[in-house]
Amino acid sequence: MAFSVCRTFVVAKMAGNITATPAIFRSYSIEGEPRTRCAIWQAARTTTAAPTFFAPMPIDNPQPTIIYIDGGLGLQYPAHERDQSPFYTLKANF
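Residues numbered from 1 in each chain as written. Predicted model: local features only at pLDDT ≥ 70, side-chain atom pairs only at ≥ 80, totals over all residues. Heavy atoms only, no water.

Enquirer: Before we move on, can you summarise the sheet that holds strand 1 (residues 9–14) with the specific residues and values?
Expert: The antiparallel open sheet is built from 4 strands, whose spatial order is 2-1-4-3. The strands lining the two open edges of the sheet, one partner per strand, are strand 2 (23–26) and strand 3 (57–59). If you compare each strand with its neighbour and ignore which way they point, the axes differ by 45 degrees on average. In terms of strand pairing, strand 1 meets strand 4 (residues 66–70) through 3 bridges, oriented antiparallel. Within strand 4, the residue paired with Ala12 across the bridge is Asp70. (Pairing = 2+ DSSP bridges. Helix = DSSP H or I, 4+ residues; strand = E, 2+ residues; numbered from the N terminus. Axes fitted to C-alpha atoms, helices over the stretch in contact; angles between N-to-C directions.)

Structural data, given as structure tokens:
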């Protein structure tokens, strides 16, 4: 029996440099880029790290540890980031 995988991504920002390119945590691989190695709960937790409400989230896989905050700080609508990145090629699969 074949199982289909729900392809999921979330967007976060590095707490130390919120003007940097957003980090995209993916549950799937794309050509040239493996899937995100951190646990899915860690990736999801970065999206709740709005500084007024929740603490930043450290991700330590892969090393070195990077502290992330909610991607909504400066990137409320991640579809534009999706349109500009290679994983947008997945649109045909949805």
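On we go.
Enquirer: Can you lay out the nonpolar core for me, pointing to particular residues and giving the numbers?
Expert: By size, the foremost hydrophobic cluster in this structure holds 9 residues: Val10, Ala12, Ala23, Phe25, Cys38, Ala43, Met57, Ile59 and Tyr68. At the level of elements, strand 1, strand 2 and strand 3 are the ones that each hand at least two residues to this core. With near-sequence residues (within four places) excluded, Phe25 lies in contact with Thr8, Phe9, Val10, Ala12, Thr36, Cys38, Ala43, Thr46, Ile59 and Tyr68. (Core = buried A, V, L, I, M, F, W, Y, C linked by side-chain atoms within 4.5 Å. Buried < 20%, exposed > 50% of the residue type's maximum accessible area, 1.4 Å probe, protein only. Contact = heavy atoms within 4.5 Å.)

Enquirer: Let's hear about unusual backbone geometry: which residues, and what values?
Expert: The omega torsion of the bond from Asn61 to Pro62 falls at 10 degrees, within 30 degrees of zero and hence cis. Considering the arrangement of structural elements, one finds Pro62 in the loop between strand 3 and strand 4. Cis peptide bonds are those with omega within 30 degrees of zero, and the linkage from Gln63 to Pro64 qualifies with 0 degrees. With respect to the helices and strands, the residue Pro64 is situated in the loop between strand 3 and strand 4.

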